[in-house]
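Chain and residue survey
Each chain, written out:
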Amino acid sequence: MLKDITIGQYFPGDSIIHRLDPRFKIIITFIYILMLFTGSNILCLTVGAVYTVMAILLSRIPFKMFVKSVRPLLPFLIITALLNLFLVDSGDTYFHWKFLKITEEGVNISVFMIIRIVLLIMGSSLLTYTTSPITLTDAIERLLSPLKKLKFPVHELAMMMSIALRFIPTLIEETDKIMSAQKARGAEIDSGSFMTRARNMISILVPLFISSFRRADELATAMECRCYNGGEGRTRLRQLKSSARDYIALAVTIIFYIAAIVVAHILK
Amino acid sequence: MENIIEIEDLHFSYKGDSETPDVEVLKGIDLTIKKGEFVAVLGHNGSGKSTLAKHINAILLPTKGKVLVDGIDTADEDKLFQLRQKAGMVFQNPDNQIVSSIVEEDVAFALENLGVPYEEMRRRVDESLKAVNMYDYRLHSPSQLSGGQKQRIAIAGVIAMQPECIILDEPTAMLDPQGRKEVMSTIMRMNREQGITIVLITHYMDEAAKCGRVVVMDKGRVVLDDTPRKVFSHVEQVKEIGLDVPQVTELAWELRRAGYDVPDDIITEEECVEAIKKLF
């Protein structure tokens, strides 16, 4: 169950998307998000969809991984869509029964919202799927590095983030083990009333916390042994070099963004 | 040959507080290790062997006495990083010493910290990964690897610093037999081919039997210090401090006690087979 979470996962590869400079990828993702929110009409979202599909194809990551990334948010999506569908009241009325009313605007808004959010999740998944978490943190660290002058602990935050990312699979594995161990002792985790299950979660969280502290302690020692001394004077194995490819990718994204703006205005 | 580690009258106590008294874990240890040696440190839980290991790397500092690594006093804070480069450390739990989510970036961690320029770092990372036979996995995530593979990555991360000596604190304790074999053969190769001094803390007797020298610790003191052959010939003494001898040594010992004429310094299976053959 816990292993199905794909957010923050990375699929090593050597595609064009993988090789883009992560700093550019972050900036491009921001432009992409702006692009998705420029206008609410079908053409505008088509531009976004074409861009997304193109990027996914270039990444050579199986499409089903992107479907998987959307799945955890489906209930939330459906509920919001239904609320929009029934509660928005403008335009032609298609259906009317007591207080429930489906209008043209409601249909539009809920359909567009679903498409937009699905694209948003897929696009941002593409960023994490194709960029190793540590490269990503590296890029964030560099993009934020001007803040160092304001005494903002950029390196420390980046280090914390990358360690957190590194330990997600380890802790998931450990949680699974603790759950099995507690089940073997008769703890009701999957069954019983909500309150029983909530109470029994404590029997998982306590050992998990204790072991995390122990891990943190050991990791800190191991890092010291390898001469870790904060961000001062560090060099990097992961070199971030922007090349023509990155500028082309950025240009393509901006062109799509402009196209989306133009389309949004024409069809107003 | 030159000494790489010199330990003189090392005492160490964990500080207690108002209610609990100080606990003296190391009670005067004298030990010198020569360059290129392969030393196993044996001892049961609480004998102080891990505490001793942590002194070589300046994670702990002596309460009394001195530890020198290649002439550097571990108490000298100015030379801390120089010291930690010379004496790398590998710990028991492979998961808790891997910092990065990508194998090659983890191997590079120490070099990044030391500010090694990119070209050299790239070369050293690749060499280290090849040395532990993990080059093909350089872009993998550590969570996809087995325990033995993770431990080899940890070793690569240390080798990348080009250390004079590696201290391994029970590196195989959490591994399956396959992983243990991988790690042991990697360590032995490092010692043989690159001349790196190895201090292996272990409680597996068959691992100790493969080393050039065995140091047995008990209650914070060194009680035996010799070749594995000589150390394990003191079967009674080794058993008295709660340790085992390799299975073949034990077999030969039992045979001798039963009145058969077998030598008392058997540590390999082949020797044992030969000795038993001679009986008939």
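Just so it is clear, the model here is predicted, and its values are computed rather than measured.

The rules we used
Sequence order as written defines the numbering, with residues in each chain counted from 1. Chains and ligands are labelled by the order in which they are written, letters from A for the one and numbers from 1 for the other. Totals for whole chains, interfaces and linings use every residue, but because this is a predicted model, local features are given only for residues with pLDDT of at least 70 and side-chain atom pairs only at 80 or more, for both listing and counting. Remark: residues whose backbone-derived C-beta atoms lie within 7 Å of one another are considered to be in contact. The numbering of helices and of strands both runs from the N terminus, where a helix is a DSSP run of H or I of at least 4 residues and a strand a run of E of at least 2. When residue character is reported, Ala, Val, Leu, Ile, Met, Phe, Trp, Tyr, Cys and Pro are called nonpolar, Asp, Glu, Lys and Arg charged, and the others, Gly included, polar. With axes taken as lines fitted to C-alpha atoms, and helix axes fitted only over the stretch in contact, angles between N-to-C directions fall between 0 and 180 degrees. Orientation categories follow fixed angle ranges, with anything under 35 degrees roughly parallel, anything over 145 roughly antiparallel, 65 to 115 roughly perpendicular, and all other angles oblique. With the far helix as reference, a near helix turned anticlockwise by less than a right angle produces a left-handed crossing, and one turned clockwise produces a right-handed crossing. Strand pairing follows a simple DSSP-based rule, namely that at least 2 bridges must link the two strands. Counting other C-beta atoms within 10 Å of each residue's C-beta, where C-beta atoms are placed from the backbone, gives the exposure class: buried for 20 or more, exposed for 12 or fewer, partly exposed between. Here the expected span of a helix is defined as 1.5 Å times the quantity of residues minus one.

**Some words on the interface of chain B and chain A**
A common way to state how big an interface is: give the accessible area lost once the parts meet. Each side of the interface is counted separately: chain B has 34 residues, and chain A has 29 residues. The set of elements that each furnish at least two residues to the side of chain B that touches chain A consists of α2 (80-86), α3 (103-114) and α4 (118-131) of chain B. With eight residues, α3 of chain B is the largest single contributor of residues to the side of chain B that touches chain A. Each residue belonging to the side of chain B that touches chain A can be placed in one class, and the counts come to 16 nonpolar, twelve polar and six charged.

**Some points on the packing of helix α3 (residues 42-59) of chain A against helix α10 (residues 244-266) of chain A**
Residues and elements named next belong to chain A. Orientation of α3 relative to α10, taken along the N-to-C sense of each, is 165°, at an axis distance of 8 Å. Judged on the interaxial angle alone, α10 and α3 are roughly antiparallel. α10 is crossed by α3, and the crossing has right-handed handedness. Each of Leu-43, Cys-44, Val-47, Gly-48 and Tyr-51 in α3 lies in contact with α10, whose residues at this interface are Phe-256, Ala-259, Ala-260, Val-263 and Ala-264. Taken together, the residues of the contact of α3 with α10 break down into nine nonpolar, one polar and no charged.

**Considering the sheet that holds strand β4 (residues 64-69) of chain B**
Whenever strands of a sheet pair, they do so through backbone hydrogen bonds, lying parallel or antiparallel. Residue and element names in this part refer to chain B. Overall, antiparallel pairing links the four strands, which are arranged β2-β1-β4-β5 in an open sheet. Each edge of the open sheet is held by one strand with a lone partner, namely β2 (23-34) and β5 (72-73). Relative to β4, strand β1 (residues 3-14) runs antiparallel, the two being bridged by five bridges. If you follow His-11 over to β4, its bridge partner there is Lys-64.

**Describing the pairing of strand β9 (residues 213-218) of chain B**
All names here are of chain B. With five of its six residues buried, β9 lies for the most part within the structure. Looking at chain direction, strand β3 (residues 38-42) and β9 are connected through four bridges and run parallel. Note on β9: the bridge partner recorded for Ala-40 is Val-214. The hairpin turn running from β9 into strand β10 (residues 221-226), its antiparallel successor, is two residues long, and Lys-219 in that turn takes a positive phi close to 50°.

**Some remarks on α10 of chain A**
Helix length check: α10 of chain A (23 residues) gives 33 Å between terminal C-alpha atoms against 33 Å at 1.5 Å per residue, within 8%. All of the buried residues in α10 of chain A are Asp-246, Ala-249, Thr-253, Tyr-257 and Ala-260 of chain A.

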